[in-house]
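# Architecture at a glance
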Amino acid sequence: MPVRIAIGLAVTVICFAVAGRRFHWISRLVRAGQPAPGRLRADRADVARRAEAEITEVAGQRKLLEWTVPGVAHFFTMWGFTILLFTIIEAYGDLFDPTFHIPGIGTSAALGFLEDFFATAVLVALVVFTVIRIKSSPSRKQRASRFYGSHTRAAWMTLLFIFGVIATLLLYRGAQVDTSPRQFPYGDWAFASHVIGAGLAGLGHGVNGALATTFLLLNVSVISAFLVFVSYSKHLHIFVAPFNVAFSRRPRALGGLDKTPDMDMENVTEDTVFGAGFIENFTWKQMLDFVTCTECGRCQSVCPAWTTGKPLSPKLVIMGLRDNMFSQAAHLMAPKEAGSGGEGAPALPVDAGDRSGVASSGPEPLVPGVIEPDVLWSCTTCGSCVEQCPVDIEHIDAIVDMRRYQVLMESSFPHEAELMLRNIENQGDPWGLGVSKRTEWTQVLDFEVPVVSDVIPDDVEYLYWVGCAGALDERARRQVQATARLLHEAGVRFAILGPKESCTGDPARRIGNEYLFQEQAKANIATLESASVRKIVATCPHCFNTLKNEYPALGGNFEVVHHAELLDHLVREGKIVPGTGYSGTVTYHDPCYLGRHNRVFDEPRTVIDAIPGAHNVEMRRCRERGFCCGAGGARMWMEESIGTRVNVDRTLEALGTGADVVSTACPYCMIMLDDAVRANGKEDDVRVLDIAQLVEESMRVPEPAGLPGPGPGTEAGNAPQPEG
Ligand code: SF4
Ligand code: SF4
């Protein structure tokens, strides 16, 4: 056997054996996770959704390309390595036969061009990555760097390996150019190889032959060693990301929460565990998430908690869980006693829908230690991290699972949220104001709002779900009243549940009290069904999201729209005609649970654009990249004592646009932004209004100049004015 074959094969076999062992170990570790109901479903719709995700997210690099420069560089690196698989086949063929070519296409000029084009593109991408890494170095930018906390040394090693692969490839091909046209039949189309070949030509035929063999062996060796490096580093994502994308929630891991553990107390035993208190409580899909993280830091750079100085970074959460999973590998993969969960012995059937029965005796609790309480409770569940993650990691699910364990198993959560939970349980709203106040907001209206006492009347099209804030908070009431007046004017028949309406359970669910959420949801579903409700319009995006996306899993199937969607529809139909009563600049703030979680981006903007005098100026962070107001994830009821307040950060951005009105479509956002406008002393210059209030104001006849009236931003100024 010639020496080159022996060296090439020896390096390859050793490296493939080491990498293969590592891949097998990771596969066993991930499979030791708990069942993930529905993730392996293979009906036609699921397969189609997964195929689409592979095409858009993996092949098309959709999310990466949203960040133009690094996205394009990554696109060419990913496709470069895919195309360069041909060169790997050629290299191994060359080991045995220097005249080897891939049958059919191996000698075509097109292949030669493609290989050289992508090799060059990868080199250019390496320069881009190098510049980005230097400019964004954590040592220069500290927390502002998206690489803060990432393994930067491993990232540099990766760039070095990629450079090694491409450099040895081009030198091998360049030397071949000067050796034999039979070995390198692509002509000038292999442009990069020819440039290098021209540089090596002076060395002569014999030296180039030796160089071709040397760089061939180096190329094969670097590729093999890179495989080992990848299997032990964050670059594992090269192989696992396509699986993670395929098994992720579709269309996206936003909107409703995925898991609905069975909270039926009759099924609870002393071994029952709710949520994730130990690494072994996570599902295999969550474990796949942990090993897939590329440490790119995109999630961290958009997280409202991290960017306002809180200790929560979604990237560091995932990295922490991954490191813990690796350190607990022996425990996770050890054979479990029957009924205790773990590898090969799921405690419940895969579709049972919960993880009851999982042994909770893991050696290291997740909170505190792996994840600190301040990290866990800082999350607003805004979804920015999930939205940005290029490999479809589902951070919110992991965070809420850990919250569930803390609340339901440990009774450990921020004490200030205790009252909110008790109020929901006892009074049906987070503030504990009680059912008697739920219709007070209708008293200022000059028309009757029907309250459903039995069954919703036939001539009523929508049940108006007012929401706790809309019914009970002074500022949010104005938004609800404006919406009601607009619907009334447009001839939309609607009714309310009044005292029968109760909190949807959203804050309870987001803080981790799944039991209370499910109790609320079941009671509300029973109320809605007994009233024969089919169509619901909601003003609060949190109610909208819960009713639309989470109640179906508990048997409540209703047609749910948000008032922004309905107003958009009515404006388009000409049933609402905005007037000239408002003139000025507006900046629209996307509520997370309306925009990112439910993709309602265009409708509120269309409504604003329909107002002749309104000029909409966008904030830098808008639409998919909209920045949270700080109230979601039950944060509304928790103290915010670390870093800058999220609502202040957002409001400063809004004020920076110079707009007269900060508009939104969510009562939580209204309250948070209005608080921050006042905290900045800007309440005399800038008003915070719901889109419904803005439309309503535009439809009023302007008062004649010179008449005294309430100033903008004052209580009276914000209050609804009598019609006509
Ligand atoms: S959901 Fe929002 S607040 Fe929570 S970790 Fe993700 S980006 Fe941060
Ligand atoms: S979780 Fe996703 S976005 Fe965040 S660092 Fe990991 S791969 Fe990047």
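Residues numbered from 1 in each chain as written. Chains lettered and ligands numbered in written order. Predicted model: local features only at pLDDT ≥ 70, side-chain atom pairs only at ≥ 80, totals over all residues. Heavy atoms only, no water.

## Here we look at the overall build of the protein chain
Condition: Numbering goes from the N terminus for both helices and strands, where a helix is a DSSP run of H or I of at least four residues and a strand is a run of E of at least two. Under the scheme applied here, a residue whose accessible area is under 20% of the maximum for its type counts as buried, over 50% as exposed, and between as partly exposed, the area being computed with a 1.4 Å probe on protein chains only. Throughout, a contact is declared for two residues whenever any of their heavy atoms are within 4.5 Å.
A tally of helices and strands in the protein chain yields 31 helices and eight strands. Projected onto the principal axes, the alpha-carbon positions of the protein chain cover approximately 95 × 65 × 45 Å. The proportion of buried residues among the 724 residues of the protein chain is 57%. Long-range pairs, those at least 24 residues apart, make up 80% of the contacts in the protein chain between residues at least 6 apart in sequence.

## Some remarks on the domain arrangement of the protein chain
Under the convention used in this document: Residue ranges assigned to the domains are those given by an automatic or database domain assignment. Two parts placed together each lose some accessible area; with a 1.4 Å probe, that loss summed over both constitutes the buried area.
As far as domains go, the protein chain holds domain 1 (3-31 + 67-232), domain 2 (265-413), domain 3 (428-569) and domain 4 (571-718). Computed over C-alpha atoms, the centres of domain 2 and domain 3 are 33 Å apart. Taken together, the contact between domain 2 and domain 3 spans eight residues of the former and seven residues of the latter. Summed over the three residues of domain 2 that lose the most area to domain 3, namely Arg404, Val407 and Leu408, the buried surface amounts to 50% of that side.

## Structural notes on helix 5 (residues 85-96)
The test is simple: Between the first and last residue of a helix there are one fewer steps than residues, each counted as 1.5 Å, and that sum is the expected span.
Across its 12 residues, helix 5 extends 18 Å between first and last C-alpha, which sits within 8% of the 16 Å expected from 1.5 Å per residue. Along helix 5, the residues classified as buried are Thr87, Glu90, Ala91, Tyr92, Gly93, Asp94 and Leu95.

## Considering the site of ligand 2
Let me state the cut-off plainly: Think of it this way: one heavy atom of a residue within 4 Å of a molecule or strand is enough to make that residue near it. Side-chain classes are defined by residue name, with Ala, Val, Leu, Ile, Met, Phe, Trp, Tyr, Cys and Pro counting as nonpolar, Asp, Glu, Lys and Arg as charged, and the others, Gly among them, as polar.
The environment of ligand 2 is formed by Cys293, Thr294, Glu295, Cys296, Gly297, Cys299, Lys315, Cys389, Pro390, Val391, Ile393 and His395. Here the residues of the shell around ligand 2 are counted per class, giving seven nonpolar, three polar and two charged.

## Focus: the environment of tryptophan 637
Its place among the elements puts tryptophan 637 in the loop between strand 6 (614-616) and helix 28 (646-656). Note on tryptophan 637: relative accessible area 11%, which makes it buried. Taking the C-alpha atoms as reference, tryptophan 637 lies 9.6 Å from leucine 421; in sequence the two are 216 residues apart. Each residue touching tryptophan 637, except ones within four places of it in the same chain, is listed here: Glu416, Ala417, Met420, Pro430, Trp431, Pro507 and Tyr668.

## So, helix 25 (residues 541-550)
With eight of its 10 residues buried, helix 25 lies for the most part within the structure. Within helix 25 the residues assigned to the buried category are Pro541, His542, Cys543, Phe544, Asn545, Thr546, Leu547 and Glu550.

## So, the environment of serine 233
Summarising the element assignment, serine 233 is placed in the loop between helix 10 (205-231) and helix 11 (237-247). Spatially, the C-alpha atom of serine 233 lies 34 Å from that of proline 98, the residues being 135 residues apart in sequence.

## A closer look at the site of ligand 1
Around ligand 1, the surrounding shell holds 13 residues, and the nearest of these are Cys303, Cys379, Cys382, Gly383 and Cys385. Contributing elements (two or more residues each) for the shell around ligand 1: helix 18 (384-388) and helix 19 (395-409). Grouping the amino acids of the shell around ligand 1 by side-chain chemistry returns nine nonpolar, four polar and no charged.

## A short note on the packing of helix 1 (residues 3-31) against helix 10
Filter applied, for reference: Working convention: axes come from line fits to C-alpha atoms, limited for helices to the stretch in contact. Angles between N-to-C directions cover 0 to 180 degrees. Our angle categories are set so that under 35 degrees counts as roughly parallel, over 145 as roughly antiparallel, 65 to 115 as roughly perpendicular, and the remainder as oblique.
Where helix 1 meets helix 10, the closest approach of the two axes is 8 Å, and the angle between their N-to-C directions is 10°. With respect to helix 10, the element helix 1 is oriented roughly parallel. Seen from helix 1, the contacting residues are Arg4, Ile7, Gly8, Val11, Thr12, Cys15, Phe16, Val18, Ala19, Arg22, Phe23 and Ile26; seen from helix 10, they are Thr213, Leu216, Leu217, Val220, Ser221, Ser224, Ala225, Leu227, Val228 and Ser231. Of the residues belonging to the contact of helix 1 with helix 10, the class tally is 14 nonpolar, six polar and two charged.

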